[in-house]
Structure formats: C-alpha cells, structure tokens
Amino acid sequence: QVQLVESGGGLVQPGGSLRLSCETSGFNLRYYVIGWFRQAPGKAREGVSCISGRDGSTFYADSMKGRVTITADNAKKTVYLEMNSLKSDDTAVYYCALGPRRCGEPYDLWGQGTKVTVSS
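The structure displayed is predicted, hence computed values, not measured ones.

Let's talk about the nonpolar core
Reasoning step 1: The biggest cluster of nonpolar side chains holds 25 residues, and the ones touching the most others in it are Leu20, Ile34, Trp36, Val79, Leu81, Met83 and Tyr94.
Reasoning step 2: It is strand β9 (residues 92–99) that provides the largest number of residues to this core, a total of 4 residues.
Reasoning step 3: Counting 6 residues, the second-largest nonpolar core is a separate cluster that includes Val33, Phe37, Cys103 and Tyr107.

Printed below as a string of structure tokens:
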C-alpha cells in the first residue's frame, strides 16, 4: 500500500550534518512529488524542500537553501534530504509528504516524522 517512512533523525551538534531518508512504497516516484517539511514544538509547519519525479525539478526554501540537498533514488524508492551546517533553529520533527502533481500544491500523504535535535 501507499506508505512513507522517515528515518535518520537524531542528535547532532551545531555545524554538523545529517541525512534523512524517506522510504516510499505503493507508488512510482516518477509520477509524483515528494516534499520535506519540518515543525518545531508550538510552531507552524514549514516547507524545506521538494523534488518532482514528473519533471525532475527540485526546490528549496530560502531559509535552508545552500545547506540542504534533496535527491531521489528510484531503484531504492527512497528520497533523501542531506543537511549540513545545522543550527539550533533546525531542531524540529521532519516529515516527508506525497504530492499528486507539483511542488507547492497540497500534499495528500504524510509520514510519521523523524526528530532532529541540534544541540551541543
């Protein structure tokens, strides 16, 4: 069935790097988009990045552009979010989400999230 499972979160020191994974099943990445979002406790959900399997486009939020890279491995059916130069403000639960058409449009399915804590 259609499913998204995030992993790779954990504790990292400021300035460090982390790679998050979004393992997908039940659909072909080529025909959908996968977005990464984050939400800190008590704060609104924020878009981080998105990749379109349909046209190959990638997008990044200005707040994290230059510090994150989104990639898709179609063979492994997994989308990755590589983060570096992490700051304390990056502490949040990170979610991946499935979209039916284009990045920026509403997403239909969400994973359970993976917690990232940036602290010394």
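Some details on the pattern of salt bridges
Reasoning step 1: Under the defined criterion, the tally for this structure stands at 3 salt bridges.
Reasoning step 2: The salt bridge involving Glu46 is made with Arg38; its shortest N-O contact spans 2.9 Å.
Reasoning step 3: For Glu46, a relative accessible area of 30% translates into the label partly exposed.
Reasoning step 4: We classify Arg38 as buried; its relative accessible area is 8%.

Concerning the packing of aromatic side chains
Reasoning step 1: Applying the stated rule across the entire model yields 5 aromatic pairs.
Reasoning step 2: Ring plane angle 55° and centroid distance 4.8 Å describe the contact between Phe37 and Trp110, whose orientation is recorded as tilted. Of this pair, Phe37 sits in strand β4 (residues 33–39) while Trp110 sits in strand β10 (residues 109–110), placing them 73 residues apart in sequence.
Reasoning step 3: Among the aromatic residues, ring-to-ring pairing joins Phe37, Tyr95, Tyr107 and Trp110 into one connected group.

Notes on the pairing of strand β5 (residues 46–52)
Reasoning step 1: When you tally the buried positions in β5, you get 5 out of 7 residues, the bulk of the element.
Reasoning step 2: Strand direction decides the pairing type here: β4 and β5, joined by 6 bridges, are antiparallel. Directly across from Ile34, in β5, lies its bridge partner Ile51.
Reasoning step 3: Sheet analysis places β5 next to strand β6 (residues 58–60), joined by 3 bridges and oriented antiparallel. Across the sheet, residue Cys50 finds its bridge partner in β6, namely Phe59.
Reasoning step 4: Connecting β5 to the antiparallel partner β6 that follows it, the hairpin turn spans 5 residues, and Gly56 within it adopts a positive phi of roughly 80°.

Thresholds applied
- Residues numbered from 1 in each chain as written.
- Predicted model: local features only at pLDDT ≥ 70, side-chain atom pairs only at ≥ 80, totals over all residues.
- Heavy atoms only, no water.
- Core = buried A, V, L, I, M, F, W, Y, C linked by side-chain atoms within 4.5 Å.
- Buried < 20%, exposed > 50% of the residue type's maximum accessible area, 1.4 Å probe, protein only.
- Helix = DSSP H or I, 4+ residues; strand = E, 2+ residues; numbered from the N terminus.
- Salt bridge = Lys/Arg side-chain N within 4 Å of Asp/Glu carboxyl O.
- Phe/Tyr/Trp six-rings, centres within 6.5 Å; stacked < 30°, edge-to-face > 60°.
- Pairing = 2+ DSSP bridges.

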